[in-house]
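Observations on chain architecture
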Number of protein chains: 2
Amino acid sequence: MTDSPVSSGIARLTTRDADFDTRLSTLLAWEGVSDAQVQQRVDEILQAVRTRGDAALVEASNRFDRLSATGMEELTVTAPRLRQAFDGLPAEQREALASAAERIRLYHERQRPESWHYTEADGTVLGQQVTALDRAGIYVPGGKAAYPSSVLMNAIPAHVAGVREIIMVVPTPDGVLNELVLAAAHLAGVDRVFTVGGAQAVAALAYGTETVPRVDKIVGPGNIYVATAKRAVFGQVGIDMIAGPSEILVVSDGGTDPEWLAMDLFSQAEHDEDAQAILVSWDAEHLDAVEAAIDRLLPTLEREGIVRESLARRGALIQCAGREEAAALINRIAPEHLELSVANPEGWLPEIRHAGAIFMGRYTAEALGDYCAGPNHVLPTSGTARFSSPLGVYDFQKRSSIIHCSPEGASELGKVASTLARGESLTAHARSAEYRIKE
Amino acid sequence: MTDSPVSSGIARLTTRDADFDTRLSTLLAWEGVSDAQVQQRVDEILQAVRTRGDAALVEASNRFDRLSATGMEELTVTAPRLRQAFDGLPAEQREALASAAERIRLYHERQRPESWHYTEADGTVLGQQVTALDRAGIYVPGGKAAYPSSVLMNAIPAHVAGVREIIMVVPTPDGVLNELVLAAAHLAGVDRVFTVGGAQAVAALAYGTETVPRVDKIVGPGNIYVATAKRAVFGQVGIDMIAGPSEILVVSDGGTDPEWLAMDLFSQAEHDEDAQAILVSWDAEHLDAVEAAIDRLLPTLEREGIVRESLARRGALIQCAGREEAAALINRIAPEHLELSVANPEGWLPEIRHAGAIFMGRYTAEALGDYCAGPNHVLPTSGTARFSSPLGVYDFQKRSSIIHCSPEGASELGKVASTLARGESLTAHARSAEYRIKE
């Protein structure tokens, strides 16, 4: 035993390596595929809750969460109980939670789209009406991954969107309730909480039971059973993206304190062993300094074991040729979290096509965004930022097209529609349009 | 044989029927569930195309579309060929298609969201950057359901969104190419067309092959194999909603010509035997008149057989108590198409929470919206308007959160984040935030 730290085992790559592309692809590869056995168990649970409602929901909860409930009333948390949890928090926590909630609310209020319409010369009106979902279901993981911040991030956008009723489900393995989670539910405007989880909770939200009302959309992360169940009920209800492990890509120009960067990488890696933390820089000495900081600081972490495994399995320090190559790497990786720890981050924005959230400059640690900057921390993972967005107010609203033709407008459009409908051999369409053509 | 028409067999219900709720639920019930056999065949096709690329794609196309292609170059349609199809159309069709395309483009340009940001008192900047997908895949059904209007409705929003490359796939059963579909692709800004379909086309778009580039999102309707494949690749790529049969709900106050309404119902029913056409009114005599018009006009339809079966299986004329009950029915059904054939349709809008597209007044036949009014005809079916929207520009864009903390902002937010992170036992998060707190 010596005092010199154990190396973290984080991979060092350079884009000049002949096998760089392959190594990067391997590093990034992630597929949360459920095997046939998981699929079958989930199907059984969905079917049971769909047909037997509360009884099946209680049975499954007793079995998987090791409870002994005799009815859903024991798995229901009342509004006064939520308020009690909030009031019972230490003042510092209560204030921090309220401050975060307020900032999240302010940011999301900017996302609210407006209904619009316009009138054409002949009096025809076209537009789009925006309405909220009637009821949203928020899935909050239980046990060690029960995060009050996730309650805020999922429920506040729904509340801002104008959702009439917000239902939260959170499993309580061995009956353990997390007071911070309940307090956050109170603060975020959750209407009802059921302490159920897994595929059975997804089924209850999708189909409704005697006690749990059917919702219109289910959001929130969960384990492979939850993800498989969400995929199965998609269409019956709306769902958000199916989340993979969390990841960060930090780009540094060499000017940020290596210890800050090491800790930023740790903050991602400490989530779980599958989390991914990658640093890109064109400054080799800087990468050496960050690696040394990693080795030095690792033994000081509470979650050292998780961080070590995450960094060794999925982490990387990548040396690239320069800024242009760094930008290309960003777009290739399409990271959930992108930290631009550089001198002029604004100058990078036009080149960044794919990223869930962009943390700009040396002071914007990802952790600030995780809790309280305002934007959502539910973000597209595993490269899905190529086609999806942070959770937002728009996820709890939908649009209806508005078409109001004037008699003149209908007559003109009727001619076009008639021609096209006949071209598609849909003659009832054509005749329906032709009735509105003026002689 | 007499001259009196055969009754259509469309159901007559009133909301006063004791079993109305049950009958309505039965009528609306639709679940496009793929059985285990379909699932397995789709899995095999996905796996084959994923691992063997073009070779598997050609094999599957030959097999399912009865072709004898030897390579992907025979299943590729070039840009000059698309232009040739457009130029070769009769003038009337060409002009109608161009006019529809222009109106669709104008409407969708209004949907383009702007990036935004705001600066807080301490200099912290928060915002949202909107970017387009790099590459979109448009699935166009082949054979009898090959609709040029669908090409416009799927590709134009992608084009308006700023998608860099639009790939279209369309199967050609027995090698039959639809000139109108190719012409529409030319007009809508499609970059490349491959004449492949089914699960194999979805696989090619999701994973990429030697010839077909991997896309970021797949949109467009298809049969049960296509729907099953889309559900399976969801997460790997984005997908739009999984479409069920098309439906219309017409609400009439009794003031619209019964023949117009009959034809509006037919225009929906003629799509296929599973299509659904429902008329609601509080005027019993008016419903009688529409039913008589249905019986009278049915024998004049080219697609009489399909319409008869659709009306008998899934159609209904529903008498309700009045306007309030009609509004409640609309929200319960959450129709894909809603025709408000009433005197003051604007007065209804505030009560309508769920509908894909709203056709207002006696002149706005759904067929006008299907082709050329401007709004999209790809709409949420089977009650999914509860939580989803018409296809739009927003489906081809995504957002990135922007967070740029000033040193002062990071210091203040760091305190809040630190407290909350420690509450969640994520101490690396806390320490990352604490580095940014000023002494």
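Residues numbered from 1 in each chain as written. Chains lettered and ligands numbered in written order. Predicted model: local features only at pLDDT ≥ 70, side-chain atom pairs only at ≥ 80, totals over all residues. Heavy atoms only, no water.

**Here we look at the overall build of chain A**
Spelled out, the test is: Only DSSP runs of H or I with at least four residues qualify as helices, and only runs of E with at least two residues qualify as strands; both kinds are numbered from the N terminus onward. Exposed residues in this analysis have more than 50% of their type's maximum accessible area, buried residues have under 20%, and partly exposed residues fall in between, with area computed by a 1.4 Å probe over protein chains only. Two residues form a contact once any of their heavy atoms are found within 4.5 Å. Method for areas: the Shrake-Rupley scheme with a 1.4 Å probe, in which residue coverage is limited to the protein chains shown. Think of it this way: Lys and Arg go in the positive column, Asp and Glu in the negative one, and His and the chain ends go nowhere. The atoms used to mark charge sites are NZ of Lys, CZ of Arg, CG of Asp and CD of Glu.
Scanning chain A from terminus to terminus reveals 16 helices and 15 strands. Along the longest, intermediate and shortest principal axes, the C-alpha atoms of chain A span 95 × 60 × 45 Å. Residues classed as buried in chain A amount to 62% of the 439 residues present. Considering only intrachain contacts with a sequence separation of at least 6, the fraction spanning at least 24 residues in chain A is 74%. When the accessible surface of chain A is summed, it comes to about 15,900 Å², and 49% of that surface belongs to carbon and sulfur atoms. Averaging the locations of the 40 positively and 60 negatively charged side chains of chain A gives two centres separated by 7 Å.

**Re the interface of chain B and chain A**
To keep things clear, this is the line we draw: Buried area is calculated as the accessible area (1.4 Å probe) missing from two parts once they are joined, with the contributions of both summed. What makes a salt bridge here is a side-chain nitrogen of Lys or Arg within 4 Å of a carboxyl oxygen of Asp or Glu, nothing more. Contacts described as polar in this section are N or O atom pairs within 3.5 Å, which, within protein, must combine one atom able to donate a hydrogen with one able to accept it, while residues neighboring in sequence count only if both atoms come from side chains. Each residue is assigned to one class: nonpolar for Ala, Val, Leu, Ile, Met, Phe, Trp, Tyr, Cys and Pro, charged for Asp, Glu, Lys and Arg, and polar for all the others, Gly among them. One bridge is not enough; two strands pair if DSSP finds at least two bridges between them.
With 120 residues of chain B at the contact, the number on the chain A side is 120 residues. Between chain B and chain A the total buried area reaches about 10,900 Å² when both faces are included, carbon and sulfur atoms providing 56% of it. At the junction of chain B with chain A, the criterion picks out 8 salt bridges. The partner of Arg436(B) in a salt bridge is Asp264(A), and the shortest N-O contact between them spans 2.8 Å. Put simply, chain B and chain A have 73 residue pairs in polar contact (both at pLDDT 80 or more) between them. At 10 residues, the largest contribution of residues to the side of chain B that touches chain A is made by helix 15 (residues 407-423) of chain B. Partitioning the side of chain B that touches chain A into residue classes produces 59 nonpolar, 33 polar and 28 charged. Where strand 15 (residues 397-404) of chain A meets strand 14 (residues 357-360) of chain B, 3 bridges bridge the pair, whose relative direction is parallel.

**With respect to the relation of the copies chain B and chain A**
Condition: When the copies are overlaid, the least-squares fit takes in C-alpha atoms only where the residue has pLDDT of at least 70 in both copies.
When chain B is fitted to chain A, the best match, at an RMSD of 0.0 Å, comes from turning it 180° and sliding it 0.0 Å along the axis. Expressed as a symmetry operation, the mapping of one chain copy onto the other fits a two-fold axis. Relative to the rotation axis, the closest C-alpha in chain B is found at Arg231(B), a distance of 3.8 Å.

**Thoughts on the domain arrangement of chain A**
Here is the rule we go by: Domains are outlined according to an automatic or database domain assignment.
By the assigned domains, chain A splits into domain 1 (11-30 + 244-373), domain 2 (36-114 + 132-239) and domain 3 (405-434). Placing a centre on the C-alpha atoms of domain 2 of chain A and another on those of domain 3 of chain A gives a separation of 48 Å.

**Section: the pattern of salt bridges**
Where side chains of opposite charge bring their charged atoms close, a pairing between them can arise. Residue and element names in this part refer to chain A. Applying the stated rule across the entire model yields 54 salt bridges over all chains. As a salt-bridge pair, Arg12 and Glu291 come within 2.7 Å of each other at their nearest N and O atoms. Taken together, the positions of Arg12 in strand 1 (residues 11-14) and Glu291 in helix 11 (residues 284-297) put the pair 279 residues apart, joining distant regions of the chain. Here the residues in one salt-bridge network are Arg12, Asp288 and Glu291, joined through shared partners.

**Description of the sheet that holds strand 15 (residues 397-404) of chain B**
Here is the rule we go by: Helix axes use the C-alpha atoms of the stretch in contact, all axes being lines fitted to C-alpha atoms, and the angles between their N-to-C directions lie in the range 0 to 180 degrees.
The mixed open sheet is built from 9 strands, whose spatial order is 1(A)-12(A)-11(A)-10(A)-13(A)-14(A)-15(B)-4(B)-3(B). Edge positions in the sheet fall to strand 1 of chain A together with strand 3 (116-119) of chain B, since each has one partner strand and no second. Direction aside, the axes of adjacent strands within the sheet are offset by 20° on average. Here 4 bridges tie strand 1 of chain A to strand 12 (residues 316-319) of chain A, and the two strands are oriented parallel to one another. Its bridge partner being in strand 12 of chain A, Arg12(A) is matched across the sheet by Leu317(A). Helix 5 (residues 91-109) of chain A rests against strand 3, strand 4 (125-132) and strand 15 of chain B of the sheet, and its axis sits at about 45° to strand 4 of chain B.

**A closer look at the packing of helix 5 of chain A against helix 15 of chain B**
Put simply, the rule reads: Whether a crossing is left-handed or right-handed is set by the direction in which the near helix is turned from the far one by less than a right angle, anticlockwise for left-handed and clockwise for right-handed.
Packing of helix 5 of chain A against helix 15 of chain B brings their axes to within 9 Å, and their N-to-C directions diverge by 120°. Judged by the twist between their axes, the crossing of helix 5 of chain A over helix 15 of chain B is left-handed. Residue-level inspection shows Glu92(A), Gln93(A), Ala96(A), Leu97(A), Ser99(A), Ala100(A) and Arg103(A) of helix 5 of chain A in contact with helix 15 of chain B, the latter providing Leu413(B), Val416(B), Thr419(B), Leu420(B) and Gly423(B).

**Considering the pairing of strand 12 (residues 316-319) of chain B**
Within a regular strand, the side chains alternate between the two sheet faces. Residues and elements named next belong to chain B. Alternating positions in strand 12 separate into two faces, Ala316 and Ile318 on one and Leu317 and Gln319 on the other, with burial throughout. By the bridge criterion, 4 bridges tie strand 11 (residues 276-281) to strand 12 in an arrangement that is parallel. Across the sheet, residue Ile278 finds its bridge partner in strand 12, namely Ala316.

**Some points on the environment of Gly189(A)**
Residue and element names in this part refer to chain A. Turning to its location among the elements, Gly189 is positioned in the loop between helix 7 (179-188) and strand 7 (192-194). Placed 126 residues apart in sequence, Gly189 and Gly315 show a C-alpha to C-alpha distance of 38 Å. Residues in contact with Gly189, not counting those within four places in the same chain, are His159 and Ile166.

**What to know about the UniProt feature "binding site: Zn(2+)" (unreviewed entry) in chain A**
Residue and element names in this part refer to chain A. Formally: UniProt positions are given in the numbering used here, feature names are shortened, and annotations may be inferred rather than shown by experiment.
This chain's UniProt record puts "binding site: Zn(2+)" (unreviewed entry) on Gln268, His271, Asp370 and His429. For the residues just named, distributed over 162 residues, the greatest C-alpha separation reaches 56.0 Å, placing them at more than one site. Inspection of the secondary structure puts Gln268 in helix 10 (residues 258-269). Leave out the neighbours within four places in its chain, and Gln268 touches Ser246, Glu247, Ile248, Ala275, Gln276, Ala277, His337 and Glu366. In this structure, Asp370 sits in helix 14 (residues 366-371).

**A short note on the pairing of strand 11 of chain B**
Residue and element names in this part refer to chain B. The following threshold applies: When the strands point away from the viewer and the connection leading from the first strand across the helix to the second strand turns clockwise, the crossover is called right-handed.
With respect to burial, strand 11 is a largely interior element, 6 of its 6 residues being buried. With burial as the criterion, each face of strand 11 is covered, one bearing Gln276, Ile278 and Val280 and the other bearing Ala277, Leu279 and Ser281. One ladder, built from 5 bridges, connects strand 10 (residues 247-252) with strand 11; its direction is parallel. Directly across from Leu249, in strand 11, lies its bridge partner Ile278. Viewed along the sheet, the connection from strand 10 through helix 10 (residues 258-269) into strand 11 turns out right-handed.

**Topic: the packing of aromatic side chains**
Cut-off, in case you're wondering: Two rings from Phe, Tyr or Trp (for Trp, the six-membered ring) form a pair when their centres are within 6.5 Å of each other. A pair whose planes differ by under 30 degrees is stacked, one over 60 is edge-to-face, and the rest are tilted.
Evaluation of the coordinates by the stated rule reveals 11 aromatic pairs over all chains. Ring plane angle 45° and centroid distance 5.2 Å describe the contact between Tyr107(A) and Trp116(B), whose orientation is recorded as tilted. Note that Tyr107(A) is positioned in helix 5 and Trp116(B) in strand 3, a pairing that runs across two chains. Accessibility classification places Tyr107(A) together with Trp116(B) in one group, the buried group. With centroids separated by 5.7 Å and ring planes inclined at 75°, the aromatic side chains of Trp260(B) and Tyr363(B) adopt a geometry described as edge-to-face.

**Digging into the confidence of the model for chain A**
Do not read the fine detail of predicted coordinates wherever pLDDT is low. Let me state the cut-off plainly: The pLDDT value expresses, per residue, how confident the predictor is, ranging between 0 and 100.
Chain-level pLDDT for chain A is 94 on average; 98% of the residues reach the 70-or-more range. As scored by the predictor, the complex reaches a pTM of 0.94 and an ipTM of 0.94.

**Details of the UniProt feature "active site" (unreviewed entry) in chain A**
All names here are of chain A. According to UniProt, the feature "active site" (unreviewed entry) maps to Glu336 and His337 in the numbering used here. Assignment of secondary structure puts Glu336 in the loop between helix 13 (323-333) and strand 13 (337-341). For Glu336, a relative accessible area of 5% translates into the label buried. A polar contact is formed between the side chain of Glu336 and the side chain of Ser246, at a distance of 2.9 Å. Within the secondary structure, His337 is located in strand 13. Other than its neighbours up to four places away in sequence, His337 contacts Ser246, Glu247, Ile248, Leu249, Gln268, Ala357, Phe359, Glu366, Asp370 and Leu379.

**Here's the deal with the sheet that holds strand 2 (residues 76-77) of chain A**
All names here are of chain A. If you trace the 6 strands from one edge of the open sheet to the other, you get 2-7-6-5-8-9, paired in mixed fashion. The outermost strands of the open sheet, each flanked by one partner alone, are strand 2 and strand 9 (238-239). Sheet topology places strand 5 (residues 135-139) next to strand 6 (residues 165-169); 5 bridges connect them, and they run parallel. If you follow Gly137 over to strand 6, its bridge partner there is Ile167. Helix 6 (residues 148-161) rests against strand 5, strand 6 and strand 8 (217-219) of the sheet, and its axis sits at about 165° to strand 6.

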